[in-house]
Amino acid sequence: MGGPQYDFLSNPLGAVRSTFEKAMASVSDPSSFNSGDWGAMDLFTNFLFDQSHHLQVPVLTPASMRWIKPNTLVRFRGMIQDMLGNEFYVGAYKDGAVWRTNKFMDVSQFPIGPSADTRIWERRLLYCVPVPGLNSWAQIPSEAVTDQCMGWKSEQREKRPRAEAECSDMTVSSEEDQGSPTTKKMREGEQPSLASQSRESEIASSSFSPAPVPEGNSLHCLVKVYDSPESELKLNEIFEFVGILTSDPEIQEDNVDNDLSNEFCEDPLRHFPPNKVVPRFHCFVHRKLAAHDFLQNNPIIEPKLDMVKGIREALLRHLTAVLGNDDVAAHFMLLHLLSKVHSRVDSLAVGKLSLNLTCFSKEIVSIFGNQLNVVVKNLMPFTHCIPLTVEYLNTASLAPKKNYETNRLETGALQLAEGSHLIVDETKLEAGTLNSLGVENARLLNNLVEWQKVEYDFKYYKMDMTTDVQLLVLSEGKSNILPADVIVPFRPSAANCSEAVTAEALEAWRWYLATVRQLPHSIESEMQQVVENDLVAARQADRSLNAQDLSRWLTMSRLMSLSFGETSLSLEHWQMVKELDRLRKERLK
């Protein structure tokens, strides 16, 4: 790429300011920039993806926090747990005859006089947490993060003498600039919408409690997003953000009289904890993540039929062994793990296949239930398990709730990322009395299974939020709380017959589940006529069949085709679905 070469990794703000100055050379007012962007974000996108430098950017984790230098380029992965609205800030201001920018910063590089000509821009505030239920194999190994950071530090140490000589005018010094009294008074917090920062020392001692996060990982971030349509970022979606982590010292309540934010809008961060509790992350580029992005060795391989068929057979053998040689239950388990909501018709979630394995006594669940839980954890990136009891229902916080005192959405156990897997163990449920919360929680679980929706409590009203959670119920009899799509009586014939699994096999199965469930699917016209004739014949033979039964067959046929890596339904796979359902019904008699 021609033109000036920027040090994107170690001095991204230098690149931002340099490109701003270059853009201002051809215009008289920064208001002419579309949404406050003068091409800096395109420059980073080109560097990260077109030039393939994306993987060189250090990943922000609790382990890497001590190695990463402030205001350098980093990556952060997380789920959007709360959307805090928009924040106004001084995006550009005139320093004498020169226009300067504060974009991607919390602290102004130069003093902003009280009568300075300024331009007010806007950014979105997202509260992001580690993905709930993220399993250890799907996390970036801490040693890999450390090696990456140490290697990056060594590389930057070699560059530093030359870079300091060439770019000294563009370098941000967190020790000198941000620590000086003058700079403290020049914070954008003293301009519209950042009143929160001038009050952070007060908030630090308040009763604010961050949302719960998965055990072993506690890194939350307040992500500030620029120039992005609202439709691109939604609640509970998982993103990788590339940007800078600021390390501004806590802001004291000095110079509050010059704060202009109250003239514009209510400060969305007035109840937010300080930077040392929840770091501020300014995002240059973001991308939505799916299950395959969490594979440690993620090869870009076309799912060829022979290869997919071989992986399918191996995984099915493993599931059969784990389930005590119950071949029918293993087949349904495979289809269940491949299921996803691929469309919605009115309130119906099309594509889901919740599974209720019955005949699970306390003794059986202690053997096969535990094995099944381990298998699911080893195969799926985000998993959860709820041991359902009367006490749990009467005390658990399942639905997210809005707290208007802190202006925060307090998370609930059912605020899960798309593609999460949830096992509900009903074998521990005994006779008892449900209180009002217990009744409400039972209703929430029922709605999750039946409609793939979770009701969020906003105090003055409630709102259904769509979700996509694979749900497996283990119970002694048919669950009365969770109306699963498929009920399969469990019939094991052996115990402890599963063999040790190699790391290579696990990686192949994870790739298979993450890949084939994303394939498109269709039914050709000839096959569609066969399916319609069979459905009509089945309805005539058994009047008890309803629309849900017929919909389940279509969902199973789609998943059966995908399990072989095929994108259109064949007669063979349709016959397999009918036979599998016949065997299931025989067990129900």
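The structure we're discussing is the one just above.
Residues numbered from 1 in each chain as written. Predicted model: local features only at pLDDT ≥ 70, side-chain atom pairs only at ≥ 80, totals over all residues. Heavy atoms only, no water.

## Points about the pairing of strand β14 (residues 453–457)
Along a regular strand, successive side chains alternate from one face of the sheet to the other. With four of its five residues buried, β14 lies for the most part within the structure. Both β14 and strand β15 (residues 462–466) contribute to a ladder of five bridges, which runs antiparallel. Across the sheet, residue Asp457 finds its bridge partner in β15, namely Lys462. (Buried < 20%, exposed > 50% of the residue type's maximum accessible area, 1.4 Å probe, protein only. Helix = DSSP H or I, 4+ residues; strand = E, 2+ residues; numbered from the N terminus. Pairing = 2+ DSSP bridges.)

## Regarding the pattern of salt bridges
Per the stated rule, a full pass over the model turns up 29 salt bridges. For Arg75, the salt bridge identified is with Glu240, shortest N-O distance 3.1 Å. Separated by 165 residues along the polypeptide, Arg75 in strand β1 (residues 73–95) and Glu240 in strand β5 (residues 238–245) bring together distant segments of the chain. Pair check on accessibility: Arg75 and Glu240 agree, each one buried. As a salt-bridge pair, Glu455 and Arg443 come within 2.5 Å of each other at their nearest N and O atoms. In this pair, Glu455 is assigned in strand β14 and Arg443 in helix α11 (residues 436–451), connecting sequence segments twelve residues apart. You can call Arg443 partly exposed: its relative accessible area is 32%. Each of the salt bridges in this network shares a partner with another, and the network as a whole consists of Arg75, Arg77, Glu240, Arg287 and Asp293. (Salt bridge = Lys/Arg side-chain N within 4 Å of Asp/Glu carboxyl O.)

## Regarding unusual backbone geometry
With a phi angle near 65 degrees, Asn325 is a residue other than glycine that sits in the positive phi range. Within the secondary structure, Asn325 sits in the loop between α7 (305–322) and α8 (327–338). For Asn325, a relative accessible area of 41% gives the class partly exposed. One non-glycine residue, Gln452, lies in the positive phi region at around 55 degrees. Tracing the backbone through its elements, the reader meets Gln452 in the loop between α11 and β14.

## What about the sheet that holds strand β17 (residues 486–489)?
Ordered by their spatial adjacency, five strands build an open sheet running β10-β13-β16-β9-β17, and the pairing between neighbours is parallel. Strands at the two margins of the open sheet, each flanked by one partner only, are β10 (383–387) and β17. Averaged over neighbouring strand pairs, the angle between their axes works out to 15 degrees when direction is ignored. Two strands pair when backbone bridges link them, and β10 and strand β13 (residues 420–425) are joined in this way by five bridges, in the parallel orientation. From the neighbouring strand, Pro387 faces β13, where its bridge partner is Asp425. (Axes fitted to C-alpha atoms, helices over the stretch in contact; angles between N-to-C directions.)

## Re helix α9 (residues 362–379)
Given a rise of 1.5 Å per residue, 18 residues ought to cover 26 Å, and the 25 Å separating the end C-alpha atoms of α9 matches this to within 8%. Largest kink in α9: about 30 degrees, centred on Phe368. The complete set of buried residues in α9 reads Val365, Phe368, Gly369, Gln371, Leu372, Asn373, Val375, Val376 and Leu379. (Expected span 1.5 Å × (residues − 1). Bend = angle between axes of the 7 residues up to and from the residue.)

## Considering α8
Side chains three or four residues apart in an α-helix point the same way, a direct result of the helix having 3.6 residues per turn. With twelve residues, α8 extends 17 Å from end C-alpha to end C-alpha; this agrees with the ideal 16 Å at 1.5 Å per step. Within α8, eleven of the twelve residues are buried, leaving the element largely enclosed by the surrounding structure. Listed in full, the buried residues belonging to α8 are Val328, Ala329, Ala330, His331, Phe332, Met333, Leu334, Leu335, His336, Leu337 and Leu338. For α8, the side-chain oxygen to backbone nitrogen distance between the N-cap and Val328 is 3.3 Å, and the N-cap itself is Asp326. (Polar contact = N/O pair within 3.5 Å; in protein donor to acceptor, adjacent residues only side chain to side chain.)

## Structural notes on the nonpolar core
Counting residues in each nonpolar core, the largest one holds 68 residues, and the members touching the most others are Met333, Leu357, Leu379, Tyr512 and Leu513. It is α8 that contributes the most residues to this core, nine residues altogether. In contact with Leu357, other than residues within four places in its own chain, are Ala329, Leu372, Leu472, Val473, Leu474, Ser475 and Val488. The next biggest cluster of nonpolar side chains, apart from the first, holds 42 residues, and it includes Phe239, Leu245, Leu416 and Ile481. (Core = buried A, V, L, I, M, F, W, Y, C linked by side-chain atoms within 4.5 Å. Contact = heavy atoms within 4.5 Å.)

## Some words on the pairing of strand β2 (residues 98–101)
Residues Trp99 and Thr101 point to one face of β2 and are all buried, whereas Val98 and Arg100, pointing to the other face, are not buried. Two elements, β1 and β2, share four bridges in a ladder whose sense is antiparallel. Bridge pairing in β2 links Asp95 to Val98. Counting the residues between successive antiparallel strands, the hairpin from β1 to β2 contains two residues, one of them, Gly96, with a positive phi of roughly 70 degrees.

## A look at the packing of aromatic side chains
Scanning the model with the defined rule gives 19 aromatic pairs in all. Look at Phe20 and Phe33: their rings are 6.1 Å apart centre to centre, the planes differ by 70 degrees, and that puts the pair in the edge-to-face class. In this pair, Phe20 is assigned in helix α1 (residues 12–24) and Phe33 in the loop between α1 and α2 (40–50), connecting sequence segments 13 residues apart. Given a relative accessible area of 1%, Phe20 falls into the buried group. Pairing Phe294 with Phe382 gives two aromatic rings, centres 5.1 Å apart and planes at 90 degrees, and the pair type is edge-to-face. With Phe294 in the loop between β6 (280–288) and α7 and Phe382 in the loop between α9 and β10, the pair connects residues that are 88 residues apart, well separated along the chain. Linked through ring pairs, Tyr6, Phe8, Phe44, Phe47, Tyr89, Phe104, Tyr226 and Phe284 together constitute an aromatic cluster. Lying over the aromatic face of Tyr89, Arg123 brings its terminal NZ or CZ to 4.0 Å of the ring centre. The residue whose ring lies beneath Arg510 is Trp137, and the NZ or CZ to ring-centre distance is 4.0 Å. (Phe/Tyr/Trp six-rings, centres within 6.5 Å; stacked < 30°, edge-to-face > 60°. Lys NZ or Arg CZ within 6 Å of the ring centre and 35° of its normal.)

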